[in-house]
Amino acid sequence: MAKYEEVASDLIRYIHDHELEADDKLPSIQEMVDHYNVSKNTVLSALNDLERQGLIYQVRGSGVYVRGNTRKGYINLLNIGGFNSTLSQFKIESKILTLELVEPNEEAIENLKIEQPDKTKVYHVVRIRYIEGRPFGIEESYFDKDIIPYLSEDIASASIFDYITEDLEIPIGYGDHFLRVGRLKADEADQLQLNEGDPTLRTESIFHLHNGKPFDYSKITYHYEETQFFIQGTNYQYRY
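Every residue gets a number counted from 1 within its own chain, in the order that chain's sequence is written. Owing to the predicted nature of the model, reporting of local features is limited to residues with pLDDT of at least 70; listing and counting of side-chain atom pairs is limited to 80 or more, with chain, interface and lining totals taken over all residues. Water and hydrogen atoms play no part in the side-chain values, which are based on all heavy atoms of the structure.

A. Examining the layout of surface pockets more closely. A 1.4 Å probe that fits into a set of points on a 1 Å grid over the protein atoms alone but cannot get out defines a cavity; an open set with protein on both sides within 12 Å along at least five of seven lines defines a pocket, and lining residues are those with an atom within 4 Å of a point. Grid points are joined across faces, edges and corners, and a volume is the space filled by probe spheres set on the points. The volume enclosed by the second largest pocket comes to roughly 420 Å³. Each helix is a run of H or I in the DSSP string that is no shorter than four residues. Each strand is a run of E no shorter than two, and both are numbered from the N terminus. Where the lining of the second largest pocket is concerned, the elements lending two or more residues are β6 (134–144), β7 (174–183), α8 (186–192), β8 (199–208) and β9 (214–222). The classification used treats Ala, Val, Leu, Ile, Met, Phe, Trp, Tyr, Cys and Pro as nonpolar, Asp, Glu, Lys and Arg as charged, and all other residues, Gly among them, as polar. When grouped by side-chain class, the residues that make up the lining of the second largest pocket number five nonpolar, three polar and nine charged.

B. Main features of the confidence of the model for the protein chain. What pLDDT expresses is the predictor's confidence in each residue, scored from 0 to 100. Of the residues in the protein chain, 92% reach a pLDDT of 70 or more, and the chain-wide mean stands at 89. Across the protein chain, element-level confidence peaks in α8 with a mean pLDDT of 98 and bottoms out in helix α4 (residues 83–86) with 70.

C. Quick peek at empty space enclosed by the protein. Tallied over the full model, the rule gives two cavities of 30 Å³ or more. There is about 350 Å³ of room inside the largest cavity. For the largest cavity, the lining is made up of 27 residues, of which Gly82, Phe83, Glu139, Phe207 and Ile220 are closest to its centre. At the level of secondary structure, the elements contributing two or more residues to the lining of the largest cavity comprise β3 (75–76), α4, β5 (122–131), β6, α7 (160–167), β7, β8 and β9. The element contributing the most residues to the lining of the largest cavity is β9, with four residues.

D. Focus on the side chain of Thr227. Note on placement: Thr227 falls in the loop between β9 and β10 (229–230). For the exposure calls, accessible area comes from a 1.4 Å probe over protein chains only, and a residue counts as buried if that area is under 20% of its type's maximum, exposed if over 50%, partly exposed in between. On the basis of relative accessibility, which here comes to 12%, the residue Thr227 falls in the buried class. Of the polar contacts made by the side chain of Thr227, one reaches the backbone oxygen of His223; its length is 2.6 Å. We call two residues contacting when some pair of their heavy atoms lies within 4.5 Å. Other than its neighbours up to four places away in sequence, Thr227 contacts Ile75, Phe136 and Tyr222. A 3.5 Å cut-off defines polar contacts: any pair of N or O atoms within that distance qualifies, except that in protein one atom must be a possible hydrogen donor and the other a possible acceptor, and neighbouring residues in sequence count only when both atoms are side-chain atoms.

E. Up close: the side chain of His208. Checked against the element boundaries, His208 lands in strand β8. Among the residues examined, His208 registers a relative accessible area of 5% and is labelled buried. For His208, the contacting residues outside a window of four places in its chain are Ile172, Gly173, Tyr174, Asp176, Lys213, Pro214 and Phe215.

F. Representation of the domain arrangement of the protein chain in the model. Taken domain by domain, the protein chain holds domain 1 (3–66) and domain 2 (75–230). Taking the mean C-alpha position of each, domain 1 and domain 2 sit 28 Å from one another. Annotation comment: domain bounds sourced from an automatic or database domain assignment.

G. Up close: the environment of Thr98. Within the element layout of this structure, Thr98 appears in strand β4 (residues 92–102). For Thr98, a relative accessible area of 23% corresponds to the partly exposed category. Considered as a pair, Thr98 and Asp118 are 20 residues apart in the sequence and their alpha carbons are 22 Å apart. Sequence-distant contacts of Thr98, that is, excluding residues within four places in its chain, are made with His124, Val125 and Val126.

Below you can see the structure in the form of structure tokens.
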């Protein structure tokens, strides 16, 4: 992990540990330089990384501030921290339908860019996600075992992304997201406690490491009455 990635990861933990909210101010850049014993450029690289993720914003001559969603209950479609991050105000639970170590199928091979499928295994995880006891989505994921060496039902019942970033200390680089609307099939409707043919939003996401290697391919089918979404725009222009 590059030094700026370590700083960025620690700043995320700082925001969570101190329960900082939107528009709360972070320590100054010089304080970060002194605390982490790194160069100013390293701190700026970490801050630019967090700004691209939509986690902070920088104001010239004023400082660095936490950026947040002010509409409670909205899911950030571009968030790379998982539902526990974007819906932290609510009780989020998971029911495990499938957790198995398997040979990759064509979808996993293509989206995870697996070069040697006969020598590679993937974790196949299917979960129903609940918010305050109500189903809001069916999530199917494939994780490259060469990168994510172990998953269990205990881990999958909580937050897989927290496990990846905190326990495995693997920083997540970025995600690509694809969306389309559709209608629920009979089995999906039953799992979401809806009717066959009801509308749904289907998303596909591919999450990558900082070096561009994909490690997670996930598909989610959402409950149209239990989910609402937002997208945070980001300013990619460096401010300092």
